[in-house]
Structures are given as C-alpha cells and as structure tokens.
Amino acid sequence: MIADLNKNKGCIMLFEFTDEQKMIQKMVKEFTKNEIKPLDMEMDRNGFNDELWKKIKENGLLGIPLPEEYGGAGGNAVTGALALREISRGSASVAVTLDAHWLATDIVFHHGTREQKEKYLHKASEDSIFAFALTEPSAGSDAAGIQSSAEFDGTHWVLNGTKAWITNGGISDLYIILAKTDEKKSTKGISAFLVEAETPGFSVGKKEDKMGIRGSMTSELIMNNIKLTKESLLGKVGDGFKIAMMALDGARISISAIALGLSEAAREIAVDYAIQRTAFGRPIAQHQSVQNMIANMDIGIRNTELMMFDTARMKDLEKRHTKEAAMLKIYSSETTMQTCKDAIQILGGNGYSRDYHVERYLRDAKIFEIGEGTSEILRMLVGSMSLNK
Ligand code: CAA
C-alpha cells in the first residue's frame, strides 16, 4: 500500500513543465545522484567542498535561471525550483549555496543597468558565486534597522559597517550590500551596492560554526571605509529596501524548494526502512502509527509542491507574490521539520545515529524556519496582508 504511493510521486496536474524544464530537471537529478549526494555527509563534517563546486560550475548549474544572453540556461522561477528541489534531495547545503547565489543574481538581473548586467551576469553563469548581504549583528528580522552606512563624498560612495550570517560569505566574488544612505529615513533611506570581494577595506570576519547546512559557508563581512564608484549603486538611491524585499519574495520560493527536496529525502529513507524493518511479526509499515506519520509526510509534501509551483508561476508572470511566498515558506519549513523528526522516529535508535542521514536532515531543516524571514515574521506579514485587504 505504501509502495503504491510512490507511483504518483511528483505528479502535478495543474500545469505541465516545458521540455526544457524537464531536461534541466533530468540533468540536475543525475548530477545530484552522481556528484552531490555522495559528498553530503562528508561536507557535514568538513564544510564547503571546493572540488565539488568546480564541477558544479563546469556543469552550468550556476546559471540555470539566467537568460541565455548572459550565458545561463534560460530558466525561470519554476525551473529554479525544480532544480533546487532535486539538488536538495542530495544536499541541502549545496542547494542553500545556490539559492543565495540566485537571490543575488536575480537582483542584478531585475535592477541592474545594462552595463552592470553585462559586467556581472556572464560571470554569475560561468564561474563566480554571488552573495546577498542584508542582515547585521543587531538587525535580522527588523531589516530596516540596519546600521551599515554609505556616504557620497562627491566622487565615491564610502561604505562602513558589519554584516552577519551571510550565506556564501568568504566564497563569493560579488556581494550585494544593503546600507543606509540617509539616517533620517527608515526604509527609504537604504540603498543597494555591488561590492567586489577584492575591494580594499572589505574583509570576511567570523565563519559561523552552524548546527546544520554545514556544507555551505556562512560568514560575517566587514566594511572599513570601502570606496565605491557611482556605478556600484544598484537601482536608485533609497530603493534598497524594496529591492531586498522583492528579492526575498522570490528567495522564499527557493527556500521552499530546498525544504521540499529535504522532506522527500527524509521520507524516502523512512519508507524504505518501514517496509524492511519488522516488529511484532510484521513490517513496521503495517503498523497504523507508522502509516500515519508517512501519510502526514505525503500530505505535507504534496501541499508544498502545489503551493510552490503556483507561487513560482506567479513570479514568472511578474505578479506580486509577497503573501503567497510567505505562506509557502512557513508551510514548507514546518513540513520539513516535522517530516525529518518523524523520519527519525520511524528509524528509532538508528535514526539518532549519524550513519542513517536523517539526524543530519533534521539539523539541516531547522534553518528554514529562521533564514530569509522567520516563521514569526512571515506570520505577521501574512496576518497584516490578510487584514488590510
Ligand atoms: N515587495 C515590494 N515592496 C515591498 C515589499 C515587497 N515584498 N515589502 C515591503 N515593501 C515596501 C512597502 O510597500 C513599503 O513601501 P511604501 O513605503 O512605498 O509604502 C516599504 O517597502 C516598507 O515596507 P514595510 O513598512 O512593510 O517595512 P517594515 O520595516 O515594516 O518591514 C518586514 C517589514 C516584513 C518585517 C521586513 O523587515 C522583513 O521582511 N523582515 C525579514 C527580513 C529577512 O527576511 N531577513 C533575511 C535576510 S537574508 C537571509 O537570511 C539569507 C541569506 O544570507 C541569503
């Protein structure tokens, strides 16, 4: 009975994926199986794997959602979600690194000038990793509370401040940094800047020793009187907050794709185990309490899948999807936490062992209830949008 559920896994009836999307999904699935998944446990112990990332670059994964004119695969938000879901089935760490890269490249694509796009997007498709730096030691959920500053001295922008918890900090070639350009204004006093890693005065601080997604790099960034040309401003002065919020709407779809892939990986281990392991003379899959957990996993996975592709489609049609992306991220992150927790429960003592992967998945899953908007902030956002209609 449980095996039958697998037959329809991944079947979405509302819309068809294009041939190109199916082809990219197939390629990413193969690459994940052969190159990424075998290294996930090793990355959990030893961190970011340079050799793997060389192969990721060589195989064109960096540019999946970027247009062909910039060397990308011509994908969109739906394609990106398909790819991240597959990658996350092999390693949430690798998927998170790509998510942060795509969050930053999406900003350059949507808000950059022709020159900025020409200068950076080819590199983003080929061999450069990008990062997005909003969070600070004392400003996480309250994004408008950042204190990093940028002052125009007549010829240059001068940036000072510290960023914290920056995914891809230390491995990126380009950082999109949000800084205050007008102390007196709140959200409208923030602007976005393109900062190359080699810029004098820019350095990488503490590397975080994290609970999960340990194969991704997360670091502090320090800006000490960095001088930037006028051409480093992204969008208009004062547009930074909106640029960041719009980008986070899209990134919350990506995070949900990663949460979905992780849920599916945990479910697969739990189902295989439940079919093989016997207790009281029959496979534990035939015990109602175990079936209930698997049924709940499937409900969560299917709902995430439907919400995710629908929200990605909204992004591709350029419809505002702030509320939908927030609801999706709350649901997908809470689903993956419960799924990974139940997978451990089904495996019992083995689930608690590092040998069976699901304990790592649970540690990986926790970040999705925190990063790119906590569940609490997102519930506040959904609640206020629901009541202010
Ligand atoms: N799209 C377009 N415009 C938006 C927007 C969106 N999604 N969200 C807000 N805006 C606009 C508003 O319309 C408003 O514009 P007007 O003044 O012209 O009306 C302006 O921006 C200010 O909006 P708010 O008044 O809603 O701003 P706020 O200060 O109350 O903040 C918040 C609201 C939702 C709590 C916001 O601070 C937030 O999202 N916080 C969470 C931050 C977050 O997700 N951080 C994660 C950082 S990245 C990361 O973790 C991962 C990584 O390394 C890659």
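Here the residue index of a chain counts from 1 through its sequence in written order. Local features in this predicted model are restricted to residues whose pLDDT is 70 or higher, and side-chain atom pairs enter the listing and the counts only when it is 80 or higher, whereas totals over whole chains, interfaces and linings include all residues. Remark: hydrogens and water are excluded; side-chain values derive from all non-hydrogen atoms of the structure.

Student: It is not clear to me how the overall build of the chain should be interpreted in this structure. Could you clarify?
Tutor: Within the chain, the regular secondary structure consists of twelve helices and ten strands. For a compact globule the rule gives 2.2 Å times the number of residues to the power 0.38, and the radius of gyration it is set against comes from C-alpha atoms. For the chain, whose C-alpha radius of gyration is 21 Å, the value lies close to the compact-globule estimate of 21 Å for 389 residues. Projected onto its principal axes, the C-alpha coordinates of the chain cover approximately 80 × 50 × 40 Å. Throughout this description, buried means an accessible area under 20% of the type-specific maximum (1.4 Å probe, protein chains only), exposed means over 50%, and partly exposed covers the range between. Expressed as a percentage of the 389 residues in the chain, the buried residues total 53%. Relative to all contacts within the chain whose residues are 6 or more apart in sequence, the contacts with residues 24 or more apart total 74%. The method behind every accessible area is Shrake-Rupley, applied with a 1.4 Å probe, and residues are considered shielded solely by the protein chains displayed. Working note: accessible area of the chain is about 17,900 Å², and carbon and sulfur atoms make up 52% of it. Put simply, DSSP marks the helices as runs of H or I at least four residues long and the strands as runs of E at least two long, and each gets a number from the N terminus on. Contact criterion: two residues are considered in contact whenever any of their non-hydrogen atoms come within 4.5 Å of each other.

Student: When you look at the packing of aromatic side chains in this model, what are you seeing that I'm missing?
Tutor: Two numbers describe a pair of aromatic rings. These are the distance of the centres and the angle of the planes. Pairing of aromatic side chains here covers Phe, Tyr and the six-membered ring of Trp, requires ring centres within 6.5 Å, and sorts the geometry by plane angle: under 30 degrees stacked, over 60 edge-to-face, intermediate tilted. Applying the stated criterion across every chain yields a total of seven aromatic pairs. Between Tyr-70 and Phe-109 the ring centres are 6.4 Å apart and the planes differ by 75°, which places this aromatic pair in the edge-to-face class. Here Tyr-70, found in the loop between helix H4 (50–58) and helix H5 (77–90), pairs with Phe-109, found in helix H6 (residues 92–111); they are 39 residues apart in sequence, far enough to count as distant. Accessibility expressed as a relative area gives 1% for Tyr-70, which makes it buried.

Student: Just checking my understanding: could you explain helix H11 (residues 358–365) for this structure?
Tutor: Summarising burial for H11: seven of the eight residues are buried, a large majority. Restricting attention to buried positions, one finds in H11 the residues Val-358, Glu-359, Arg-360, Tyr-361, Arg-363, Asp-364 and Ala-365. Considering only its buried residues, H11 is in contact with helix H3 (40–46), H5, H6, helix H8 (240–276) and helix H10 (322–347).

Student: Is there a simple way to explain the environment of Leu-174 in this structure?
Tutor: With respect to the secondary-structure elements, Leu-174 resides in strand E4 (residues 174–180). For the pair Leu-174 and Glu-198, spaced 24 residues apart in the sequence, the C-alpha separation amounts to 8.9 Å. Ignoring anything within four residues of it in the chain, the contact list for Leu-174 reads Tyr-120, Ile-129, Phe-130, Ala-131, Leu-194, Val-195 and Glu-196.

Student: For this particular structure, what's the right way to read the domain arrangement of the chain?
Tutor: You'll often see interface size given as the accessible area lost when the parts meet. For the domain bounds, the source is a domain assignment made automatically or taken from a database. Its domain assignment divides the chain into domain 1 (4–129), domain 2 (131–240) and domain 3 (242–387). The gap between the C-alpha centroids of domain 1 and domain 3 is 19 Å. As used here, buried area is the combined drop in accessible area, with a 1.4 Å probe, of two parts when they are placed together. Looking at the side of domain 1 facing domain 3, the largest losses of area belong to Met-41, Asp-44 and Arg-85, adding up to 17% of the total buried there. Whenever Lys or Arg places a side-chain nitrogen within 4 Å of a carboxyl oxygen from Asp or Glu, that contact is recorded as a salt bridge. Summed over the shared surface of domain 1 and domain 3, the number is seven salt bridges. For Asp-106, the salt bridge identified is with Lys-315, shortest N-O distance 3.3 Å. The definition of a polar contact used here is a pair of N or O atoms within 3.5 Å, where within protein one atom must be able to donate a hydrogen and the other to accept one, and adjacent residues in sequence count solely through side-chain atom pairs. If you look at where domain 1 meets domain 3, you find eleven residue pairs in polar contact (both at pLDDT 80 or more).

Student: Sorry, what's going on with the pattern of salt bridges here?
Tutor: Note on pairing: side chains with opposite charge can pair once their charged atoms come close. Inspection of every chain in the model, using the stated rule, returns 23 salt bridges. Measuring nitrogen to oxygen at the nearest pair gives 3.0 Å for the salt bridge that ties Glu-35 to Lys-55. Pair noted here: Glu-35 is in helix H2 (residues 19–36) and Lys-55 is in helix H4, with a separation of 20 residues, a long-range link. Since its relative accessible area comes to 37%, Lys-55 is described here as partly exposed.

Student: Please explain the nonpolar core as it appears in this structure.
Tutor: Across soluble globular proteins, nonpolar side chains show a tendency to be buried alongside one another. In terms of nonpolar packing, the biggest core is built from 65 residues, with Trp-53, Ile-87, Val-94, Met-308, Ile-346 and Phe-368 touching the most fellow members. Among buried residues, those of type Ala, Val, Leu, Ile, Met, Phe, Trp, Tyr and Cys that are joined through side-chain atoms within 4.5 Å constitute a nonpolar core. Among the nonpolar cores identified, the runner-up in size contains 29 residues, and Ala-104, Ile-176, Ile-190 and Ala-247 belong to it.

Student: Could you clarify how one ought to interpret the site of the ligand in this entry?
Tutor: Put simply, a residue is near a molecule or strand once any heavy atom of it comes within 4 Å of that molecule or strand. Inspection of the region around the ligand gives 25 residues, with Ser-141, Thr-167, Lys-188, Asp-249 and Arg-252 positioned closest. Residue Ser-141 places a main-chain N or O atom 2.8 Å away from a nitrogen atom belonging to the ligand. Lys-242 has a polar side-chain atom sitting 3.1 Å from an oxygen atom of the ligand. Taken by itself the ligand offers 1,100 Å² of open surface, and the protein chains cover 73% of this. Elements represented by at least two residues in the shell around the ligand include exactly strand E3 (157–167), H8 and helix H12 (375–387). A total of seven residues in the shell around the ligand trace back to one element, the largest contributor, which is H8. Three classes are used: nonpolar for Ala, Val, Leu, Ile, Met, Phe, Trp, Tyr, Cys and Pro, charged for Asp, Glu, Lys and Arg, and polar for all others, with Gly counted as polar. For the shell around the ligand, a count of residues per class yields twelve nonpolar, seven polar and six charged. Residues lining the shell around the ligand come from more than one domain, with at least three contributed by each of domain 2 (131–240) and domain 3 (242–387).

Student: Help me understand the pairing of E4 in this model?
Tutor: Along any regular strand the residues' side chains alternate between the sheet's two faces. The element E4 is extensively covered by neighbouring structure, given that seven of its seven residues are classed as buried. Burial along E4 is two-sided: the face carrying Leu-174, Ile-176, Leu-178 and Lys-180 and the face carrying Tyr-175, Ile-177 and Ala-179 are both buried. Any two strands between which DSSP finds at least two bridges are classified as paired. Relative to E4, strand E1 (residues 130–133) runs parallel, the two sharing four bridges. Looking at the pairing, Ala-133 lines up with Ile-177 of E4.

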